[in-house]
Structure formats: structure tokens, C-alpha cells
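# Residue-level structural notes
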2 protein chains.
Amino acid sequence: MPTSRRTTLKDLARELGVSTATVSNAFNRPDQLSPKLREHILSEARRLGYRGPDAKARSLRTGRSRIIAVVLAESLTYSLNDAVASELLSGVAEVLDAHGHTLLLLSGRQHEAQVNGSSSIADGFIVYGLMPSLMLLEELPLPGQRPLVAVDFDLEGQPTVHVDDEPACYAIARHALKTPPRRPAVINLRLTKHPCNARIASDQELLPADRTITRARLAGFHQAFAEHAIDPASVPMWNIEENTHEVCAPVVAEILDLPDEERPDLLLCMSDRIALTVVTLAEQRGLRIPEDLRVTGFDGIAEGQYRAPRLTTVRQDSVEKGRIAARMVLGLEPAEPRLLRTELLIGDSCP
Amino acid sequence: MPTSRRTTLKDLARELGVSTATVSNAFNRPDQLSPKLREHILSEARRLGYRGPDAKARSLRTGRSRIIAVVLAESLTYSLNDAVASELLSGVAEVLDAHGHTLLLLSGRQHEAQVNGSSSIADGFIVYGLMPSLMLLEELPLPGQRPLVAVDFDLEGQPTVHVDDEPACYAIARHALKTPPRRPAVINLRLTKHPCNARIASDQELLPADRTITRARLAGFHQAFAEHAIDPASVPMWNIEENTHEVCAPVVAEILDLPDEERPDLLLCMSDRIALTVVTLAEQRGLRIPEDLRVTGFDGIAEGQYRAPRLTTVRQDSVEKGRIAARMVLGLEPAEPRLLRTELLIGDSCP
DNA sequence: GCTGCTAACTAAATCGTTAAAGATAACCAC
DNA sequence: GTGGTTATCTTTAACGATTTAGTTAGCAGC
């Protein structure tokens with residue numbers, strides 16, 4: 001007996017004196033053979049250490065792998081540590097799991113050859129927050145071949161899952177402006193042409209088409225500003241390239257360390273992560289929230305609601321977003337554009 | 001021209017009037033054909049919408065998929081939201097990424113057929129914190145076939161990556177006991193035979209072999225207890241089945257709501273997540289930390305260090321654990337047992 | 001002009017399955 | 001006894017690549 005080679009379906013068939021088709025049927029179509037023979041085949045398989053049809057061969061033959069790829073805009077390392085991306089993945093995983101599929105993680109930051117190489121194995125794609133400028137989509141399968149669902153960005157001709165960023169940001173800004181701030185400011189996420197963690201001029205430096213979410217959110221803010229006769233150009237804006245405490249901290253410190261008469265007393269942040277960093281650094285400096293400084297976030301991550309002051313924020317259900325995207329890609333629900341509702345969460349950071 | 005079918009290497013070869021081998025070589029072995037022809041093939045491929053060799057067929061033929069599977073003990077939904085598991089995945093992803101591999105996520109909680117079905121596609125496995133009792137390993141490929149690295153648990157005959165749980169817990173307990181507590185207690189993670197979020201008798205209910213980490217940690221605590229003549233049996237122990245705020249909160253509330261003379265004044269927690277829940281709920285009840293209650297954690301997650309009181313904890317480098325496991329499974333470093341050092345982090349929750 | 005060598009390409013086998021179509025025997029109704 | 005079903009299993013042809021072992025042509029050396 002040849003030692004090292006893996007037992008195959010053919011080996012098993014030969015050993016049992018039946019055809020390979022019958023063994024295959026024993027595993028895949030119980031109704032195609034007698035229960036007795038099936039039982040016999042299965043027990044012999046176990047005895048000979050055959051663990052069932054090989055996924056590589058099966059997927060080649062059937063064209064299906066039961067693998068769904070999630071393509072993430074950022075590096076996997078980053079995405080896995082980001083609460084929102086993790087929640088999205090959770091939702092995706094939950095649905096895939098329940099339907100016998102597994103999850104392949106790809107990053108838009110990977111070398112295109114790799115993405116392309118492994119991507120042809122997936123039955124479908126969920127693409128998350130990709131910057132169109134990445135051009136990665138050229139590497140992905142042609143539309144119509146295998147399902148693709150875009151999350152948090154627009155991709156022509158493809159179904160998308162979004163939240164109502166603009167009205168949500170209008171609502172939270174309107175709430176915040178009820179108490180008129182003397183010096184409102186915005187802390188932004190990823191909107192610039194060139195990586196930049198610093199103050200930016202309100203209008204320049206913006207990307208023209210990318211990052212549609214951020215632009216929609218800004219539009220919401222501006223609408224509320226207009227109602228209070230605040231000139232958007234007069235509202236300073238800082239930018240942060242990566243949604244991590246480490247990257248946020250220096251920028252936030254710069255803001256909080258401004259002289260009293262320049263320091264903003266209302267910070268509209270594009271994410272809870274940023275807002276939490278503001279809270280932490282403000283505490284360290286003895287600034288009281290909300291008395292000295294009011295802060296709003298976006299996302300509604302759990303961490304923002306555990307401890308005082310609870311964040312005032314917009315809660316989006318990222319888990320549900322993931323679930324919907326997964327169901328669409330599996331064909332369990334119609335693949336049409338979906339806009340999820342958000343919820344204004346009024347916490348203590350901006351009552 | 002037949003419309004819908006995907007262009008294959010064979011189509012391309014026919015179109016170009018060359019053999020399939022040559023086209024294959026154009027993609028895989030540039031040195032096997034003239035640069036001129038290669039260029040021609042590549043440009044025609046682009047023109048005809050051929051995106052390179054199909055991963056399914058390639059992996060069947062070569063036996064390699066450039067996919068590494070990470071098998072997680074818990075559900076994916078849980079694991080993706082757990083800071084420690086996420087960090088591990090980060091580390092794994094970082095290395096795989098750098099070496100042109102991708103990450104397939106499997107859960108030990110999935111139906112075995114699924115795990116087995118998709119698992120045969122992976123080139124190697126990283127198994128994280130699996131309970132041996134799950135017996136999942138029977139479903140995984142035989143040792144010696146494809147590399148397998150166990151993280152945070154022992155698996156006979158397989159390389160493992162661990163941290164020094166026992167000495168670490170000895171060290172943190174010894175530190176905590178320097179200020180003699182009147183009523184020390186332990187909050188445990190997953191050690192019971194039957195799911196249980198409640199107080200447990202110190203000795204019964206323990207799993208005999210599973211969860212070797214937790215047992216090692218307890219051993220470390222007990223060693224420190226012994227030095228202070230504390231009878232381990234006199235130290236109450238609560239148990240928590242899942243490392244989430246939601247599951248922790250009721251148990252922690254139960255502890256903190258004990259009458260003053262019964263409430264522990266030192267809580268040794270098996271994870272930072274638990275410790276953070278203690279901090280949050282203690283704050284809500286007006287209990288001062290560390291004056292009224294001292295708390296220690298384990299893991300050293302970032303969230304525990306952002307805000308006051310910073311947790312006293314054992315920092316383990318889960319990212320590095322992931323990196324090492326990934327390098328082992330890729331054969332970039334010898335697949336031998338590794339024991340990583342931890343670091344005692346003295347914060348404000350137990351100075 | 002013959003031999004040997006290299007560069008550039010091709011033919012054919014193979015990877016481990018599944019699916020469509022075929023074969024065989026048993027059973028049944030009339 | 002004939003024709004029609006069924007149930008059960010087999011034959012055979014893919015699926016889309018890679019790889020081994022050629023084949024051919026061109027050229028150098030003697």
C-alpha cells in the first residue's frame with residue numbers, strides 16, 4: 001500500500017469494488033443508492049481514513065466552493081481591530097455559518113495578483129468600503145458572473161447596503177446645535193487626497209468622488225449649520241486617516257491643547273473611536289464633558305456605551321448590515337440597494 | 001462566440017494558436033518562453049477578459065491553494081468581537097498577507113461536515129483555543145499531511161504557541177496580595193462541564209482536561225495564595241462562559257450587589273473584558289477603585305489602558321502569537337513548541 | 001556534415017471529483 | 001410474454017489548470 005498519498009474517492013471505490021459515482025453518491029445523494037450500501041461505504045470510508053470528497057476537486061467540478069470572500073478596503077490587520085468592521089464581519093459570518101458557507105478574508109491592500117488569485121475560488125463577494133480609486137474591482141470577476149454586494153460605498157450596477165448617513169448626521173448636528181456652541185469643529189475620517197492627520201482647510205484637499213460616506217455625512221452637518229446660520233467654512237476641520245486610538249490621539253491632543261479661547265467646545269466626530277479618544281484625552285486634561293466640551297460620535301459601538309460619559313452618537317447596525325449583505329450574496333434576498341435606518345443615541349457626552 | 005461561459009486558459013490558447021502549456025507558462029514561469037510571446041499572451045489575455053488561472057483548478061492540480069484556515073473554538077460571531085481573538089487574527093493576517101496567502105475563517109462550532117468540507121482546501125491550519133473535547137480534530141487532516149499549529153492549548157504531536165500562564169498568574173496574584181485582601185475572589189472563564197454563569201464551588205465542576213490555560217492560571221493563583229496562607233477553598237469563584245460585556249454584566253452585578261460584609265475587595269479576573277465590566281459596574285454603584293475594590297485582569301487589551309483606572313493586568317502579545325503561528329504554519333520558522341513571555345502591567349485598578 | 005546542446009514550444013497525462021446518460025435486473029400490469 | 005417503470009449501480013466525459021516528457025529548430029564546435 002502506497003504510504004503517504006491521501007486516500008481518494010477512487011481508492012475507496014476500488015477497495016470496495018464499486019464505481020466512483022456510487023461512492024460520490026453515498027456522500028452527496030443518499031437517495032441514489034440503497035441505504036445498506038451507503039452505510040457500508042461510509043463505514044469503510046471511516047475505516048480507511050477517507051474524510052469525504054476533496055474540496056478542491058469538488059469545487060472545480062461543481063463550480064461552487066461554499067466560500068464567500070469579504071474584500072476589505074483596509075489591511076486585514078486594521079480591519080480586524082476596528083469595532084465597526086468586526087461587527088460587519090460578525091453579521092456576515094453569522095449568516096454564512098447558518099447556511100454552510102465559510103468566510104475568506106481578502107484585503108484591498110493586498111497585491112492584486114493575490115487577490116485575483118484567491119478570489120476566483122469564491123462563490124461571491126462582499127466588498128466593504130472600498131475606495132473606487134483603488135481600482136481593485138478590475139481584478140474582481142465581471143459583474144454577472146458571480147454575485148457581488150457593495151457595503152458602504154456605491155458601485156455602479158451592483159447591489160449596495162448603506163445607512164442613511166446624510167439624514168443621520170443632519171439629525172445629530174441639529175441636536176448638538178440646540179445648545180449653541182461658540183466654537184464647533186469637525187473631526188473627519190479619511191477624506192483627503194493624501195494621507196494626512198492634521199487640520200485641513202474645510203474645502204480643499206477633499207477627494208472628489210471617493211469616500212462617498214464621509215461626504216454624505218459632511219453634507220448632513222452642513223445642512224444643520226445652515227439652519228443656525230453657521231458658515232461651514234468657519235468651522236475648522238481636522239482629518240484622521242485611520243480609525244485607531246493610536247492615530248487619533250496626537251490629533252486630538254493637538255486640538256485639546258489649543259489655548260482656551262481657540263479650543264472647540266463642540267466636536268462632531270466621524271466615528272465613536274475618535275469621540276472616545278476625545279473623551280479619554282479630555283479627562284486626562286481635566287476638561288469636563290459635557291460642560292467644557294461636548295462630543296458626538298458615529299457608529300454606536302458598544303465600547304462607547306459602557307462607561308460614563310456615554311457617547312451621544314448615531315447608532316448604525318453594522319451587524320445587520322453584514323447579515324443583509326451576506327443574505328444578498330447568497331441569493332436569500334433580492335440583491336437590490338438597501339438603505340438602513342440609523343438611530344440617534346443621546347448620551348451624556350452631548351446631552 | 002458562446003456568450004456566458006468564462007474564458008479559460010484553453011480558449012486563450014486556441015485563440016492564440018499556442019498550446020495550453022505555453023499560456024500556463026506565461027503566467028507561472030516567465031523563463032520558459034520568449035519574452036515577446038509572453039507579452040503577447042498577457043496582452044491578449046487582458047483583451048479577452050481572461051483574469052489568470054482559475055484558483056480552483058490550479059489548487060486541484062498543484063495541491064496548494066495559498067489559503068490558511070484559522071479554526072476558532074468559539075463562533076465566528078463571538079471571536080470577531082473579542083479583542084484577544086481579533087488580535088491573534090491580526091497577527092496571522094499580517095504574516096499571511098506578506099507572504100501571499102489568504103485567510104479562511106472556520107469555527108469549531110460549525111457543523112462538522114462544513115468544517116471538513118471546506119477545510120480540505122486549506123494548505124495549513126491554525127487552531128485556536130479549541131477544547132479537545134470538541135473532537136473537531138478528528139475532522140481535520142491527519143497529522144503530517146498538512147501543517148497544523150495549535151494556539152493556547154495542547155495538542156499532542158503538534159507544535160503549539162502558548163504564553164506562560166501559570167507564572168504570569170502567580171506574579172499578578174503575588175502583586176495583588178502584597179496588600180492583604182480581606183475577601184479575595186476569582187472570576188473565571190469557561191472551565192465548567194456545563195455552561196454556567198454563576199458562582200461555582202472552587203473544586204467541583206471543573207473540567208478534567210479541557211481548558212488547560214484556565215487551569216494553569218488557577219494554579220498560578222493558588223501558588224500565591226499558598227504563600228499567604230490563604231486556603232484556595234476559601235476563595236469564592238464565579239464562572240463566566242463567554243467573554244462579552246453582556247454575559248459578564250449579570251454575574252458581576254451579582255457579586256457587587258452582595259452585602260458589604262460579603263462583597264469581595266479583590267477580584268482576580270481571567271480576562272480584561274471581565275475586569276472592565278467590574279470597573280464599569282463598580283463605578284455605577286459608587287464603589288471606588290482601588291480603595292473599595294481592587295481588580296486585576298488578564299490579556300492587556302488596549303481598551304483596558306485607555307481610560308482611568310488603567311487595569312492592572314498581565315499583558316500577552318496576542319498579535320505576536322498570531323504572527324508566530326502563521327510563520328510556523330507557512331514553514332518560515334521551525335514548528336516547535338513556543339512559550340511566549342508575558343508582562344505584568346501595574347495599573348491603577350490594583351496598584 | 002555530424003554531433004551535441006540549448007531555447008522554445010507542444011502533446012498528453014493527471015489532479016479528485018460530479019453529472020449526464022446508460023446498463024441491468026426486478027417488478028408490475030395486462 | 002411484452003412493454004413500461006423503478007431502483008440501483010456503472011460508464012464516461014468533463015471541470016480548468018499544471019507538469020512531465022518529448023519534439024523541433026537553431027547554432028556552435030570540430
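Residues numbered from 1 in each chain as written. Chains lettered and ligands numbered in written order. Predicted model: local features only at pLDDT ≥ 70, side-chain atom pairs only at ≥ 80, totals over all residues. Heavy atoms only, no water.

## Quick look at unusual backbone geometry
Residue and element names in this part refer to chain A. The step from Ile 289 to Pro 290 runs through a cis peptide bond, and the omega angle for that step is 10 degrees. Here Pro 290 lies in the loop between helix 11 (272-284) and strand 10 (294-296). A positive phi angle, near 60 degrees, is found at Arg 66, a position not held by glycine. Locating Arg 66 in the fold gives a position in the loop between helix 4 (55-62) and strand 1 (67-72). (Helix = DSSP H or I, 4+ residues; strand = E, 2+ residues; numbered from the N terminus.)

## Examining the interface of chain B and chain A
As a measure of interface size, the accessible area lost when the parts come together is often cited. Taken residue by residue, the interface counts 56 residues in chain B and 57 residues in chain A. Taking both partners together, chain B and chain A bury about 5,000 Å²; carbon and sulfur atoms supply 52% of that area. Connecting chain B to chain A are 0 salt bridges. There are 12 residue pairs in polar contact (both at pLDDT 80 or more) connecting chain B and chain A. It is helix 6 (residues 83-98) of chain B that contributes the most residues to the side of chain B that touches chain A, 7 residues altogether. Each residue belonging to the side of chain B that touches chain A can be placed in one class, and the counts come to 22 nonpolar, 19 polar and 15 charged. (Contact = heavy atoms within 4.5 Å. Buried area = accessible area lost by both parts, 1.4 Å probe. Salt bridge = Lys/Arg side-chain N within 4 Å of Asp/Glu carboxyl O. Polar contact = N/O pair within 3.5 Å; in protein donor to acceptor, adjacent residues only side chain to side chain. Nonpolar A, V, L, I, M, F, W, Y, C, P; charged D, E, K, R; others polar.)

## Description of the relation of the copies chain B and chain A
Note on the identical chains: chain B maps onto chain A by a rotation of 180 degrees and an axial translation of 0.1 Å, with an RMSD of 0.1 Å. What the rotation and shift describe, once combined, is the action of a two-fold rotation axis. Closest approach to the rotation axis within chain B is made by the C-alpha atom of Leu 104 of chain B, at a distance of 2.2 Å. In this assembly, 100% of the residues forming the interface of chain B have copies in chain A that are likewise at the interface, indicating an isologous arrangement. (Least-squares fit on C-alpha atoms with pLDDT ≥ 70 in both.)

## Re the protein's contact with DNA strand C
Residues in contact with DNA strand C amount to 26 residues; listed here are only the nearest, Leu 9, Ser 24, Asn 28 and Arg 61 of chain A together with Thr 22 of chain B. Counting only atoms of DNA strand C within 4 Å of the protein, the fraction found in sugar and phosphate groups is 71%. The side chain of Ser 24 of chain A places a nitrogen or oxygen atom 2.3 Å from a phosphate oxygen of DNA strand C. For the surface near DNA strand C, the elements supplying multiple residues, two or more each, are helix 2 (20-28) and helix 4 of chain A together with helix 2 (20-28) and helix 4 (55-62) of chain B. Grouping the constituent residues of the surface near DNA strand C by class yields 10 nonpolar, 9 polar and 7 charged. (Near = heavy atom within 4 Å.)

## Points about the protein's contact with DNA strand D
Around DNA strand D, the structure places 28 residues, and the nearest of them are Thr 22 of chain A together with Leu 9, Ser 24, Asp 54 and Arg 61 of chain B. Among the atoms of DNA strand D lying within 4 Å of the protein, the sugar-phosphate backbone contributes 63%. At 2.7 Å from a phosphate oxygen of DNA strand D is found a main-chain nitrogen or oxygen belonging to Asp 54 of chain B. Within the side chain of Arg 61 of chain B, one N or O atom sits 2.5 Å away from a base oxygen of DNA strand D. Elements with a contribution of two residues or more to the surface near DNA strand D: helix 2 and helix 4 of chain A together with helix 2 and helix 4 of chain B.

## Structural notes on the state of the cysteines
Per the counting criterion, the structure on display carries 0 disulfides over all chains. You can see Cys 269 of chain A has no disulfide; the closest cysteine sulfur is in Cys 248 of chain A, sitting 8.5 Å from it. (Disulfide = S-S within 2.5 Å.)

## What to know about the pairing of strand 8 (residues 237-240) of chain B
One face of the sheet, then the other: side chains in a regular strand alternate in exactly this way. Residue and element names in this part refer to chain B. The two faces of strand 8 match: Met 237 and Asn 239 on one face and Trp 238 and Ile 240 on the other face are all buried. Where strand 6 (residues 184-189) lies against strand 8, 4 bridges are found, and the strand directions are parallel. If you follow Leu 189 over to strand 8, its bridge partner there is Ile 240. (Buried < 20%, exposed > 50% of the residue type's maximum accessible area, 1.4 Å probe, protein only. Pairing = 2+ DSSP bridges.)

## A word on the sheet that holds strand 8 of chain B
Residues and elements named next belong to chain B. Here we have 5 strands laid out as an open sheet, ordered 7-8-6-9-10, and mixed in their pairing. Each edge of the open sheet carries a strand with a single partner, namely strand 7 (198-200) and strand 10 (294-296). With direction set aside, neighbouring strand axes in the sheet form an average angle of 25 degrees. As judged from the 3 bridges shared by strand 9 (residues 266-269) and strand 10, these two strands associate in the parallel manner. Bridging across to strand 10, Leu 267 finds its partner in Val 295. Taken strand by strand, helix 8 (residues 165-177) contacts strand 9 and strand 10, and its axis lies near 170 degrees from that of strand 9. (Axes fitted to C-alpha atoms, helices over the stretch in contact; angles between N-to-C directions.)

## Observations regarding the nonpolar core
The biggest cluster of nonpolar side chains holds 155 residues, and the ones touching the most others in it are Leu 105, Ile 187 and Phe 221 of chain A together with Leu 105, Ile 187 and Phe 221 of chain B. Residues in contact with Phe 221 of chain B, not counting those within four places in the same chain, are Cys 169, Tyr 170, Ile 172, Ala 173, Val 186, Leu 268 and Met 270 of chain B. Ala 69, Leu 106 and Phe 125 of chain A together with Leu 155 of chain B belong to the second largest nonpolar core, which has 28 residues in total. (Core = buried A, V, L, I, M, F, W, Y, C linked by side-chain atoms within 4.5 Å.)

## Points about the pattern of salt bridges
Residues and elements named next belong to chain B. With the rule as written, the count across this model stands at 31 salt bridges over all chains. Between Arg 182 and Asp 265 there is a salt bridge, with the nearest N and O atoms lying 3.6 Å from each other. With Arg 182 in the loop between helix 8 and strand 6 and Asp 265 in the loop between helix 10 (245-256) and strand 9, the pair connects residues that are 83 residues apart, well separated along the chain. For Arg 327, the salt bridge is made with Glu 333, and the minimal N-O distance between the two is 2.9 Å. Residue classification places Arg 327 among the partly exposed residues on the basis of a relative accessible area of 25%. Residue class for Glu 333 comes out buried when judged on its relative accessible area of 15%.

As far as function goes, none of this settles anything; it's purely spatial.
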